[in-house]
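Each chain, letter by letter, is given below.
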Amino acid sequence: MRLTRPPSLAALATSALLVAAVLPMPQRVRDGVRDGVRERVAPAVAPAVGPADIGGTVTGPAGPEAGVWVIAETDDLPTKYAKIVVTDDRGRYLLPELPAASYRVWVRGYGLVDSPKQQARPGATLALRAVAAPSPRAAAAYYPAGYWFSLVRVPGEGEFPGTGPQGNGIGPEIKSQAEYLRWLKNGACMGCHQLGSKGTRELHPGLGTFESSVKAWERRLQVGQAGGAMNGMAHQMGHGRTLRMFAEWTDRIAAGEVPPTPPRPRGIERNVVLTLWDWADPKAYLHDLASTDRRDPTVNANGPVYAVLEASADYLPVLDPTTHTATRVPVTLRDSSAGPVSPQQGFAPSPYWGTEPIWTSRANVHNPMLDERGRVWITARVRPPANPDFCKAGSSHPSAKLFPLANAGRHVAVYDPKTKVMRHVATCFGTHHLMFAEDANRTLWFSGGGPVVGWLNTKLWDETGDEERAQGWTALVLDRNGNGRRDAYVEPDAPVDPAKDRRINAGQYGSVYALAPAPDGSVWGTTFGFPGAIVRITPGANPPETALTEIFELPMKDGRPVLGFSPRGGDVDRDGVYWAALASGHLASFDRRKCRGPLNGPTATGQHCPEGWAFHAEPLPQLGGVTSPGSGEGSYYTWVDQFNTLGLGANVPINTGNQSEGLLALKDGAWVVLRVPYPLGFYTKWLDGRIDDPRAGWKGRGLWAAISTRAPFHMEGGKGATSKAIRFQLRPDPLAR
């Protein structure tokens, strides 16, 4: 087991592609400041500007402004469009490859307030004047949500275990501060939206007038279609103590407290080019997007990007980045008798939407994934939950004979852009995330199956259309007796039988999460809960009869985490190392090759390979009252750039950085923070990497992400704000064209 505290970006060793662009400034000089005193820097000469560029310089009261963002936005295209770059160490900037339009151009940066917006068209050279923030409060308005939420004071370790509403107000099932943090981050609040955004750190006047902030927070957690779920989670954590925690936090902010100042972008971080498009609508929230085939990121080059809207609406947002058009593909069901998945009545009025039920989906599409033909596979409800007979006890289906299933709440559909037809696959198992394996059957694996993990042989389904034959599923069975094969097993709560294997349940939701097939044919995933775990499934020659599972828990000592705890989303790299985002504010890696003991048998029950783990604290301040290692971050997902689609190299793990408002890439042990400064409130749940042209350098590759908060009205712009599709590209230097 290993803990890494990443070095500063100034010490970052870069890839060959970037090394010439990121030679660090002298150690004592940063952003024109030496030992805390701003130096006089000679006025910069504006860079050469091409006919499709806007470029120039940014200066402030003390000279050139390094590491600030220049934003260009237009409404002239079919959908709203923006491009964002960062100034170099002399305050120069270049916005490359802008479509013909009239742009509003302004400066945003830490220590500043937004500059006046100037109009410009491509080909212009524009000198911009930065505006210093008149107060710390004004400067802090532009800080990421996680900096504001670092001001919260989490119940101290001495307050645990919880003793319930008649005691200390903390849920009696919560035994430690770490368990409480797990609920706060990936078990409840941060799993749906940020904490610390303007919409959460302030109490909306539309909530009403209350005798105390505690009462106001009680009301806040009851409003809208998610009110029941939010209120239920608060009771799980401890309603009284949790409301007091939030109320005290917002009271101190209202009284003028401000968070620490984030660092400006440095080194490689200044090479990023962000391109943003509006899509979807203000009442919908996105969950994930897909741009290419994960196994081959050159598929669908320059083509449309697809997203899904989970419980909010029944269409796929589609962006064509070459024409800057946003369209929709209707999502259909096989059986239209299925009703909406979110409450349509009985909730307290929202200060944004009143009693209007803005979420109307019946299909509840959770994830998209493209195949080698550019078809869009989605996890979606296609019928009511009751399963057909072939899924149940008494069926001859190989999987049903071993583990019959009575219900499935979400299934599968596939949309073909060429035929514009959506087809349905009614699975016996539930679905959540999906990902293709690199095998001859083009097997599509699914999390979300409850006690099982399911798959679809898409090759067989394409050839026959037979959804019964093409699907399969397996229970999670440990080789407890250590004989190397799957045998009869005991149930999770049954006494150990040395002659038998053991079935396990998976985490808080009873289901494996974040399933990721590895190049060697194994399939990895996470399990929620505390301390949480990852699982590795080997299908064997004849699944489900041959499928076995290994489980590796986060290391514990004397009932407490050694370092990190509670994974959420994760991914596997080309070497078979699994990476996961943790509620402790870490990126964790697990390398099975480092395990010294047996990987099956009576001792391989979860805590048998602490040496396989390594932890990297995410670059965000820790929450108040927390003294354990980690940070205040709680990334939703980890995605691994297996094929160098960004430009930092192959196998680079990237966290979604939900509280940091930017992607967090771990390159050579150091963090590269790719911040999205506009609109404030960037929160994504997944990303995808595509290579449009492998010969075009940085312009031919990039990452795609969407704003995925369930509360887009908490973002900058408030009610009426929509999600964005965002492409992240990395130039060799801040002025590259």
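Placed above this text is the structure.
Small disclaimer: the values here were computed from a predicted structure and weren't measured.

*Asks:* Looking at this model, I keep getting lost on unusual backbone geometry. Mind explaining?
*Replies:* Most peptide bonds adopt trans geometry, and most residues besides glycine take a negative phi value. The amide bond that connects phenylalanine 160 to the next residue, proline 161, takes the cis arrangement and shows omega of 5°. For proline 161, the position within the fold is in the loop between helix 2 (145-149) and helix 3 (177-187). Put simply, tyrosine 678 and proline 679 share a cis peptide bond, and its omega is -10°. With respect to the helices, strands and loops of the structure, proline 679 is situated in the loop between strand 44 (670-675) and strand 45 (687-691). Despite not being glycine, glutamate 310 shows a phi value in the positive range, around 45°. Here glutamate 310 is to be found in the loop between strand 17 (305-307) and strand 18 (315-320). Look at glutamate 310 and you get buried, because its relative accessible area is 7%.

*Asks:* When you look at the nonpolar core in this model, what are you seeing that I'm missing?
*Replies:* A general feature of soluble globular proteins is that nonpolar side chains tend to end up buried together. Membership of the largest hydrophobic core comes to 117 residues, with the highest contact counts inside it found for Phe149, Leu184, Phe246, Trp377 and Phe728. The leading source of residues in this core is helix 7 (residues 239-254), at six residues. Core analysis: the next-biggest nonpolar cluster, separate from the first, contains 37 residues, Ile54, Val70, Val105 and Leu309 among them.

*Asks:* Explanation requested: the sheet that holds strand 18 in the structure shown.
*Replies:* Within a beta sheet, neighbouring strands are joined by backbone hydrogen bonds and run either parallel or antiparallel to one another. Reading across the sheet, the four strands line up as 16-17-18-19 and stay open at both edges, with antiparallel pairing between neighbours. If you trace the sheet from one side to the other, it starts and ends with strand 16 (289-290) and strand 19 (325-330), each paired once. In this structure, strand 17 lies alongside strand 18, joined through two bridges in antiparallel fashion. By the bridge assignment, valine 305 is partnered in strand 18 with leucine 319.

*Asks:* Whenever I open this one, empty space enclosed by the protein confuses me. Can you help?
*Replies:* One simple way to see leftover space: roll a probe sized like a water molecule over the atoms. Summed over all chains, the structure comprises eight cavities of 30 Å³ or more. For the largest cavity, the calculated volume is near 80 Å³. In terms of lining residues, the largest cavity is bounded by 13 residues, among which Arg294, Phe436, Glu438, Pro517 and Gln642 are the most central. Elements supplying a minimum of two residues to the lining of the largest cavity: strand 24 (434-436) and strand 37 (567-572). Its residues placed into classes, the lining of the largest cavity shows seven nonpolar, one polar and five charged.

*Asks:* Looking at this model, I keep getting lost on the pattern of salt bridges. Mind explaining?
*Replies:* As a working rule, side chains carrying opposite charge can pair if their charged atoms are close by. Taken as a whole, this structure holds 40 salt bridges when the rule is applied. The closest approach of N and O atoms between arginine 690 and aspartate 692, which form a salt bridge, is 2.8 Å. Its relative accessible area of 1% is what places arginine 690 among the buried residues. Across the salt bridge formed by aspartate 693 and arginine 695, the nearest N and O atoms sit 3.5 Å from each other. With relative accessibility at 78%, the residue arginine 695 sits in the exposed group. One salt-bridge network, held together by shared partners, links Asp293, Arg295, Asp371, Glu372, Arg373, Arg375, Arg442 and Asp462.

*Asks:* Would you explain the pairing of strand 19 in this entry?
*Replies:* When a strand is regular, its side chains alternate between the sheet's two faces. Two elements, strand 18 and strand 19, share six bridges in a ladder whose sense is antiparallel. Along strand 19, the bridge assignment pairs proline 317 with arginine 328. Counted along the chain from strand 18 to the antiparallel partner strand 19, the turn is four residues long, and its residue histidine 324 has a positive phi close to 60°.

*Asks:* How do you make sense of the packing of helix 3 against helix 6 (residues 227-237) when you look at a structure like this?
*Replies:* Helix-helix packing is characterised by the crossing angle of the two axes and by the distance between the axes. Direction vectors running N to C along helix 3 and helix 6 enclose 165°, while the axes themselves pass 10 Å from each other. In terms of axis orientation, helix 3 runs roughly antiparallel to helix 6. Where helix 3 crosses over helix 6, the handedness of that crossing is right-handed. Only Met233, Gln236 and Met237 of helix 6 make contact with helix 3, whose side of the interface consists of Tyr180, Trp183, Leu184 and Gly187. A breakdown of the residues in the contact of helix 3 with helix 6 according to their chemical character gives five nonpolar, two polar and no charged.

*Asks:* Is there a simple way to think about the side chain of aspartate 53 in this case?
*Replies:* Tracing the sequence through the fold places aspartate 53 in the loop between strand 4 (37-38) and strand 5 (54-60). Here the side chain of aspartate 53 touches glutamate 97 through a polar contact of 3.2 Å, landing on its backbone nitrogen. Setting aside its immediate chain neighbours within four residues, aspartate 53 contacts Leu94, Leu95, Pro96, Glu97, Leu98, Arg121, Pro122, Gly123, Ala124 and Arg737.

*Asks:* Looking at this model, I keep getting lost on the sheet that holds strand 42 (residues 652-655). Mind explaining?
*Replies:* Read from one edge of the open sheet, four strands run 41-42-43-44, paired in antiparallel fashion. In this open sheet, the two edge strands, each paired with only one partner strand, are strand 41 (638-641) and strand 44. Averaged over all adjacent pairs, the angle separating strand axes in this sheet is 25°, with direction ignored. Taken together, the four bridges between strand 41 and strand 42 define a ladder with antiparallel strand orientation. Bridge assignment links valine 640 to a residue of strand 42, and that residue is proline 653.

*Asks:* Where do I start with the state of the cysteines in this structure?
*Replies:* A disulfide bridge is the covalent bond that connects two cysteines by way of their sulfur atoms. Throughout the structure, instances matching the rule amount to two disulfides. Here cysteine 391 pairs with cysteine 428 through a disulfide, and the sulfurs are 1.9 Å apart. Measuring the twist about the S-S bond at about -65°, one finds the cysteine 391-cysteine 428 disulfide to be left-handed. You can see cysteine 391 sitting in the loop between strand 21 (376-380) and helix 8 (398-402) and its partner cysteine 428 sitting in the loop between strand 23 (421-425) and strand 24, a full 37 residues away along the chain. Grouping residues by exposure puts cysteine 391 and cysteine 428 together as buried. Across the chain, the way the bonded cysteines pair up, counted in sequence order, is 1-2, 3-4. Free of any disulfide, cysteine 189 has its nearest neighbouring cysteine sulfur in cysteine 192, separated by 8.6 Å. Owing to a relative accessible area of 17%, cysteine 189 belongs among the buried residues under this scheme.

Conventions we followed
Within each chain, residues carry numbers counting from 1 in the order of the written sequence. Two thresholds apply to this predicted model, a pLDDT of at least 70 for residue-level local features and 80 or more for giving and counting side-chain atom pairs, whereas whole-chain, interface and lining totals are computed over all residues. To get the side-chain values, all heavy atoms of the structure are used, and hydrogens and water are removed first. Only DSSP runs of H or I reaching four residues or more are called helices, and only runs of E reaching two or more are called strands; each is numbered from the N terminus. Each residue is assigned to one of three classes by its accessible area relative to the maximum for its type, calculated with a 1.4 Å probe on protein chains only: buried under 20%, partly exposed between the two thresholds, exposed over 50%. Residues grouped as a nonpolar core are buried Ala, Val, Leu, Ile, Met, Phe, Trp, Tyr and Cys residues, joined through side-chain atoms within 4.5 Å. Here the rule is simple: two strands pair whenever DSSP picks up at least two bridges between them. Both cavities and pockets are sets of points on a 1 Å grid over the protein atoms alone; in a cavity a 1.4 Å probe fits but cannot get out, in a pocket the set is open with protein on both sides within 12 Å along at least five of seven lines, and lining residues sit with an atom within 4 Å of a point. Grid points are joined across faces, edges and corners, and a volume is the space filled by probe spheres set on the points. Residues are grouped as follows: Ala, Val, Leu, Ile, Met, Phe, Trp, Tyr, Cys and Pro are nonpolar; Asp, Glu, Lys and Arg are charged; every other residue, Gly included, is polar. For this analysis, a salt bridge means a side-chain nitrogen from Lys or Arg found within 4 Å of a carboxyl oxygen belonging to Asp or Glu. In this analysis an axis means a line fitted to C-alpha atoms, helices contributing only their contacting stretch, and an angle means the value between N-to-C directions, from 0 to 180 degrees. Here roughly perpendicular refers to angles of 65 to 115 degrees, roughly parallel to angles under 35, roughly antiparallel to angles over 145, and oblique to all remaining angles. The hand of a helix crossing depends on one turn: near helix anticlockwise from the far one by less than a right angle means left-handed, and clockwise means right-handed. Whether two residues are in contact is decided by their heavy atoms: any pair within 4.5 Å suffices. In protein, a polar contact requires one atom able to donate a hydrogen and another able to accept it; more generally it is a pair of N or O atoms within 3.5 Å, and residues adjacent in sequence count only if both atoms are side-chain atoms. Sulfur atoms of two cysteines make up a disulfide when they are within 2.5 Å.

Read these as spatial facts, not as claims about activity.
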